[in-house]
Amino acid sequence: MKTSRWMEVVNLCLLFCFLGGGLAYGAEMLLRGFGAISTVQAFKEFGVVVSPHWQAYAEDFISFVNGVGRLYLPVIVGVPLVFLIHFVAVGPKGFEHKGRRISFYGLFTRFLHWMCAIFFSLVVVSGIMVLFAKALGGGSLVLSARGVHLFCAYGFMVFAAPLFLIWLKDMFPAPYDIKWLLCGGGYLSKKKVEVPAGKFNLGQKMWFWLAFVGGAVMFYTGYVVSGLSLPQAQIAGYIKIHLILGLFLVALFITHLYMSLFAVKGSLKSMISGYKWEEEVRVLHSRMLK
Amino acid sequence: MARMKFLCDIERCIDCKGCVIACKEGNGVPVGINRRRVITINQGKPGERSISIACMHCSDAPCIAVCPVSALYQRDDGIVLVNKDVCIGCGYCFIACPFGVPQFPKGDTFGKRGVMDKCTFCAGGPAPNFSEKERRLYGQNRIAEGKVPLCAAMCSTKALLAGDGDKIARIFQERVARRGTGAKAPGWSTAYK
C-alpha cells in the first residue's frame, strides 16, 4: 500500500516535469518562430534597402567615368585640326559684297541667336573645364565653372525655346539635302558652284536639331544629375547620356565656330546685320532665289 | 598595418540613433548632412533589426576610383578621406558608393551642390592635425588623440565596433560564439537548413 502511494507521487512528479518542460519548450519555439531571422538573412535585407542595384551598374559606371575624358580629347584637338587642314588646303569662301542685300534674320531672331550663342559657349567651356578638372587642380575654380555651367544652361533654355519655334519651319529635311551632302556643301573647293540648299543647308539643319533638341536633352539630364534625387542606377544612366551627347555637341559647336568665323567670309557680319549679299545666297542657298 | 573598419552587430543595435547624434554634434555636421544613419528592417514586426551605416572605408574604394580630381584618398591605415579644397562636388562618388554615403550640401543658386562630406572615422582631414581649418571642414580628429570614433564610443549597447579590422572581427566572433551556434542560434533554421 505504502509503495503504491509512493509510486503515485513519483508518477505525478514525472508527469508535471514532462508537461512543464514541454510547455516551456513549446513557448520558446513559438517565440523563436516569431522573432527569428538569421544575421545572414538580415544583411541580405539591408542590402536591398541600402543599394539594391549597385552590382548591376557600378562596375560599368566606374569604367565609363574613367574612360570618357579620353573620348573628349580627340574631339577637342582633332576637329579643330581637321578644320585647320581645310583652311590651309582649301581656304575660306569669299563673296562679293555688292549688289542686292537679302534679308535673312530679323532683329528679334538675331537677339535670340546671340543670347543663345553666349550661354551655349559658356556651357561648353565650363563643361570642358569640369571634364578636365584634374588638369585645372579642381577646387574653387572648377566649382565656379560648375556654377556657370548650371546658370548658363538655364539661360540657354530661356532663349532657345522661342528661337527653336522661329526657325523650325525651315529646318525640316528636304530632298535636295542629299545632293548638298554628296557635294560636301560646296566647301571642298573654292569654286563658286551653286549648291542645293534653301534658307538653311543640311549642315545648319543638323546643327539646329542637335543644338536645340540635344540641348534640351542635355538640360534635362544635367538637371537630374545636379539634383541627385533619383536612384543611383538611374543617375548613372543620365550621366552617360549627358557625356556622350555632349561629345557630339562639342564637335558640332567647333564646326559651327569654324564655319561662321573662318570658312565663309562675312557670315559673322550677316548674323550681326541680318543681311546676306546676293552672290553668297545664289551660291550657298540657291533654292531661295528659285 | 592595422586597417580601420566599422562593424555593426545587428543583434545588439537598438535603433537609438545615439551614433547619429554623437557624430552630428561632435563634428559640427550641418543640418541636411548625415554622415551616419540607422536603417531598420521589419520595423514593428517579428525579425526587426537595425544597422548603423556610415562610410565603410572600403579596402578598394569605388569612390576613389571615380573621383575625377583625386580629392578622395586612402590613408595607410585604410581610412578614406576627402580633400574639400580639391573636391568639385560632381557627385560621381555618390553614384559609385555601394552604401550611398557621400553627402552634398544643397541650397546654392540653381541647385548647385557644395563639396562632398562624409564620415572621416573621426580622423580629421588633410588639414594640419587639430587646426581650426581641420575642425571646421572635417570635424574632430580623435584618431590622432588615440580614441575611437565618436559614434562607436557613444554606442550604448556597443553594437557599433570601430578599430583594427582584425580585432573587431575577433570581438564579433567571440560574441557570436557566446550567443550560441547551431539549433540554439537565432535564425538557425533560416540560414543553415
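Residues numbered from 1 in each chain as written. Chains lettered and ligands numbered in written order. Predicted model: local features only at pLDDT ≥ 70, side-chain atom pairs only at ≥ 80, totals over all residues. Heavy atoms only, no water.

**Digging into the overall build of chain A**
Then, in step 1: Across its full length, chain A carries ten helices and two strands.
Then, in step 2: Taken from the N to the C terminus, the helices and strands of chain A come in the order α-α-α-β-α-α-α-α-α-α-β-α.
Then, in step 3: The C-alpha radius of gyration of chain A comes to 35 Å, more than 25% above the 19 Å expected for a compact globule of 290 residues.
Then, in step 4: Its C-alpha atoms give chain A principal-axis dimensions of roughly 145 × 40 × 35 Å.
Then, in step 5: Split into buried and exposed, the 290 residues of chain A put 39% on the buried side.
Then, in step 6: Taking contacts inside chain A between residues at least 6 apart in sequence as the whole, the part at least 24 apart equals 81%.
Then, in step 7: Within the structure as shown, chain A displays about 16600 Å² of accessible surface, and the carbon and sulfur contribution to it stands at 73%. (Helix = DSSP H or I, 4+ residues; strand = E, 2+ residues; numbered from the N terminus. Rg over C-alpha atoms; globule rule 2.2 N^0.38 Å. Buried < 20%, exposed > 50% of the residue type's maximum accessible area, 1.4 Å probe, protein only. Contact = heavy atoms within 4.5 Å. Areas by Shrake-Rupley, 256 points an atom, 1.4 Å probe, with all protein chains shown as cover.)

**Considering the overall build of chain B**
Then, in step 1: Of the regular secondary structure elements, chain B holds seven helices and six strands.
Then, in step 2: Overall, chain B shows an N-to-C arrangement of helices and strands of β-α-β-β-α-β-β-α-α-α-β-α-α.
Then, in step 3: Each principal axis of the C-alpha atoms in chain B carries an extent, and together these give about 55 × 40 × 30 Å.
Then, in step 4: Per-residue burial for chain B yields a buried fraction of 54% across its 193 residues.
Then, in step 5: In chain B, 53% of the contacts between residues at least 6 apart in sequence involve partners at least 24 apart.

**Some points on the interface of chain A and chain B**
Then, in step 1: At the interface, 44 residues of chain A touch 48 residues of chain B.
Then, in step 2: Buried surface at the junction of chain A and chain B, summed over both partners, amounts to about 3800 Å²; 68% is from carbon and sulfur atoms.
Then, in step 3: Along the contact surface separating chain A from chain B lie zero salt bridges.
Then, in step 4: Here chain A and chain B share 13 residue pairs in polar contact (both at pLDDT 80 or more) between them.
Then, in step 5: Considering each element in turn, the side of chain A that touches chain B owes the most residues, nine residues, to helix H5 (residues 139-167) of chain A.
Then, in step 6: Of the residues assigned to the side of chain A that touches chain B, the class counts are 26 nonpolar, 14 polar and four charged. (Buried area = accessible area lost by both parts, 1.4 Å probe. Salt bridge = Lys/Arg side-chain N within 4 Å of Asp/Glu carboxyl O. Polar contact = N/O pair within 3.5 Å; in protein donor to acceptor, adjacent residues only side chain to side chain. Nonpolar A, V, L, I, M, F, W, Y, C, P; charged D, E, K, R; others polar.)

**Regarding the domain arrangement of chain A**
Then, in step 1: The domain boundaries assigned to chain A delineate domain 1 (2-36) and domain 2 (55-289).
Then, in step 2: Inter-centroid distance (C-alpha atoms) of domain 1 of chain A to domain 2 of chain A is 86 Å. (Domains from an automatic or database assignment.)

**A word on the nonpolar core**
Then, in step 1: Of all hydrophobic cores here, the largest spans 86 residues; its most connected members are Phe61(A), Trp167(A), Ile239(A), Leu72(B), Tyr92(B) and Ile95(B).
Then, in step 2: In terms of residue count, helix H8 (residues 232-263) of chain A provides more of this core than any other element does, 14 residues in total.
Then, in step 3: Setting aside residues no more than four positions away along its own chain, Ile239(A) makes contact with Phe61(A), Phe64(A), Val225(A), Tyr92(B) and Ile95(B).
Then, in step 4: Counting residues in each nonpolar core, the second largest holds 30 residues, with Ala42(A), Cys19(B), Ile51(B) and Ala162(B) among its members. (Core = buried A, V, L, I, M, F, W, Y, C linked by side-chain atoms within 4.5 Å.)

**Digging into the pairing of strand S3 (residues 49-53) of chain B**
Residue and element names in this part refer to chain B.
Then, in step 1: Across the five residues that make up S3, a large majority, five, are buried.
Then, in step 2: Bridge count between strand S2 (residues 37-41) and S3: five bridges; the pairing is antiparallel. Paired with Val38 across the strands is Ser52, a residue of S3. (Pairing = 2+ DSSP bridges.)

**Re the packing of helix H7 (residues 202-227) of chain A against H8(A)**
Residues and elements named next belong to chain A.
Then, in step 1: Viewed as axis vectors pointing N to C, H7 and H8 meet at an angle of 150°, and their least axial separation amounts to 9 Å. Looking at the two axes, H7 sits roughly antiparallel to H8. Here H7 runs over H8; the crossing is left-handed. The residues of H8 that touch H7, namely those facing Met206, Trp207, Leu210, Ala211, Gly214, Val217, Met218, Tyr220, Thr221, Gly222, Val224 and Val225, are Ile235, Tyr238, Ile239, Ile241, His242, Leu245, Gly246, Phe248, Leu249, Leu252, Phe253 and His256.
Then, in step 2: Across the contact of H7 with H8, the residue classes break down as 18 nonpolar, six polar and no charged. (Axes fitted to C-alpha atoms, helices over the stretch in contact; angles between N-to-C directions. Parallel < 35°, antiparallel > 145°, perpendicular 65-115°, else oblique. Left-handed = near helix turned anticlockwise from the far one by under 90°.)

**What about helix H4 (residues 107-131) of chain A?**
All names here are of chain A.
Then, in step 1: Helix length check: H4 (25 residues) gives 36 Å between terminal C-alpha atoms against 36 Å at 1.5 Å per residue, within 8%.
Then, in step 2: Of the residues making up H4, those classed as buried are Thr109, Arg110, Leu112, His113, Cys116, Phe119, Phe120, Val123, Val124, Ser126 and Gly127.
Then, in step 3: Packing partners of the buried residues in H4 comprise H5, H7, H8 and helix H9 (267-273). (Expected span 1.5 Å × (residues − 1).)

**Description of unusual backbone geometry**
Then, in step 1: A positive phi angle, near 50°, is found at Leu228(A), a position not held by glycine.
Then, in step 2: Position of Leu228(A) among the secondary structure elements: in the loop between H7 and H8.
Then, in step 3: The phi torsion at Lys17(B) lies on the positive side, around 65°, for a residue other than glycine.

**Re the pattern of salt bridges**
Then, in step 1: A complete count under the given rule lists 15 salt bridges over all chains for this structure.
Then, in step 2: A salt bridge links Asp60(A) to Lys240(A); its shortest N-O distance comes to 2.3 Å. Here Asp60(A), found in helix H3 (residues 54-89), pairs with Lys240(A), found in helix H8; they are 180 residues apart in sequence, far enough to count as distant.
Then, in step 3: The closest approach of N and O atoms between Lys169(A) and Asp170(A), which form a salt bridge, is 3.3 Å.
Then, in step 4: The exposure class of Lys169(A) is exposed, given its relative accessible area of 66%.
Then, in step 5: Salt bridges sharing common partners tie together Asp9(B), Arg12(B) and Arg175(B).

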